[in-house]
Amino acid sequence: MPNLPAKKKLINETTCGLTIKSATPIYANNLGACGWDFLILDTVNSALGQRDTFNLLTAACDVSEYVATIVKVGGPQDRTGIQQATDTGAVGVIVPHVTSKTEAETARSTTLYPGAKSAVKGTRSLIGPVRAHNKKGFVPYFVNGDDYVLCALQLEEAPMESWAEILSVDFHVA
C-alpha cells in the first residue's frame, strides 16, 4: 500500500530526516534515495509553491516507498494546502499554529474522508483520479485512504494547560 511502510515507521520507530526548502526535484530525488526516513517539504518557511511541492513529492516518493514525504502547510485552516498535500501523494502533513482542540479537529478532519473510522468526522473532499491513487488505484485508495495519511500537529503557540485537551484528538504526532 502506498505510504504505509513510511507512516508505520514514523509512528513506531526513532527516525531521522531533513527539511527541504529548495524547489530542485533532483535534490529531493537524491535525498529520497539516500535512506532518510522522512523529508519535510516546507511550504510555510520557504518560497515553495504548489507546483514546486508536487514536483518534489513526485521526485522523492517515486524513488522509495520507505521515505516519508511530509508537507508543512499553513495551519489548521489551510484546507487547500492539506488537501493538495494529501491528493498529490504526501505521506502526511505538519500543521503549525494549533492552539485548541477545535483547531486540531479541523486539521485532522481535512486528512480524513467522510465515513472515516475515527472519532474525528472526515471532511476531505473526493475527486479522482489524483496522484495519491496512482499506485493501487482509486477504489483501494479511497477505501483505505485514511490509513495512509499522517497528521502531525505543532503546538508551539498552544498554552501548556490546553495540551491535554488537544492531545485527546485522533492524530499521529505532536
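Rules and cut-offs
Residues numbered from 1 in each chain as written. Predicted model: local features only at pLDDT ≥ 70, side-chain atom pairs only at ≥ 80, totals over all residues. Heavy atoms only, no water. Core = buried A, V, L, I, M, F, W, Y, C linked by side-chain atoms within 4.5 Å. Buried < 20%, exposed > 50% of the residue type's maximum accessible area, 1.4 Å probe, protein only. Helix = DSSP H or I, 4+ residues; strand = E, 2+ residues; numbered from the N terminus. Salt bridge = Lys/Arg side-chain N within 4 Å of Asp/Glu carboxyl O. Pairing = 2+ DSSP bridges. Axes fitted to C-alpha atoms, helices over the stretch in contact; angles between N-to-C directions. Patch = residues over 30% accessible without salt bridge, like charges linked within 9 Å, V, L, I, M, F, W, Y side chains within 5 Å. Areas by Shrake-Rupley, 256 points an atom, 1.4 Å probe, with all protein chains shown as cover. Polar contact = N/O pair within 3.5 Å; in protein donor to acceptor, adjacent residues only side chain to side chain.

**Some remarks on the nonpolar core**
Within the largest apolar cluster, 32 residues are counted, with the highest numbers of intra-cluster contacts made by I20, V71, V95, V98, L153 and I166. In terms of residue count, helix α3 (residues 50-61) provides more of this core than any other element does, five residues in total. Counting residues in hydrophobic clusters, the runner-up holds ten residues, among them L10, F38, I40 and A68.

**Comments concerning the pattern of salt bridges**
Across all of its chains, the model carries three salt bridges by this definition. Notably, a salt bridge pairs R124 with D87, separated by 2.9 Å at the nearest N-O pair. Within this pair, whereas R124 is found in the loop between α5 (101-109) and α6 (138-148), its partner D87 is found in helix α4 (residues 79-87), the two being separated by 37 residues in sequence.

**Observations concerning the sheet that holds strand β2 (residues 38-42)**
In space, the five strands of this open sheet follow the order β1-β2-β3-β4-β5, with parallel pairing throughout. Taken across any chain shown, the strands that pair with only one partner, and hence form the sheet edges, are β1 (17-20) and β5 (150-153). Pairwise comparison of adjacent strand axes, ignoring direction, gives a mean angle of 20° for this sheet. Direction of pairing for β2 relative to strand β3 (residues 68-72): parallel, over a ladder of five bridges. Residue L39 lies in a different strand from β3, and its bridge partner there is T69.

**Brief notes about a nonpolar patch on the surface**
A contiguous nonpolar surface patch, about 430 Å² in accessible area, is contributed by L126, F138, V139, F142 and V143. Checked against the element boundaries, L126 lands in the loop between α5 and α6. Judged by its relative accessible area of 43%, L126 falls in the partly exposed class.

**A short note on the environment of S100**
One can find S100 in the loop between β4 (92-95) and α5. Looking at S100, the relative accessible area reads 24%, which means it is partly exposed. In the structure, S100 is positioned 67 residues away from L167 in sequence and 9.5 Å away in space, judged by C-alpha atoms. Engagement of the side chain of S100 in a polar contact is seen with the backbone nitrogen of E103, the distance being 3.1 Å.

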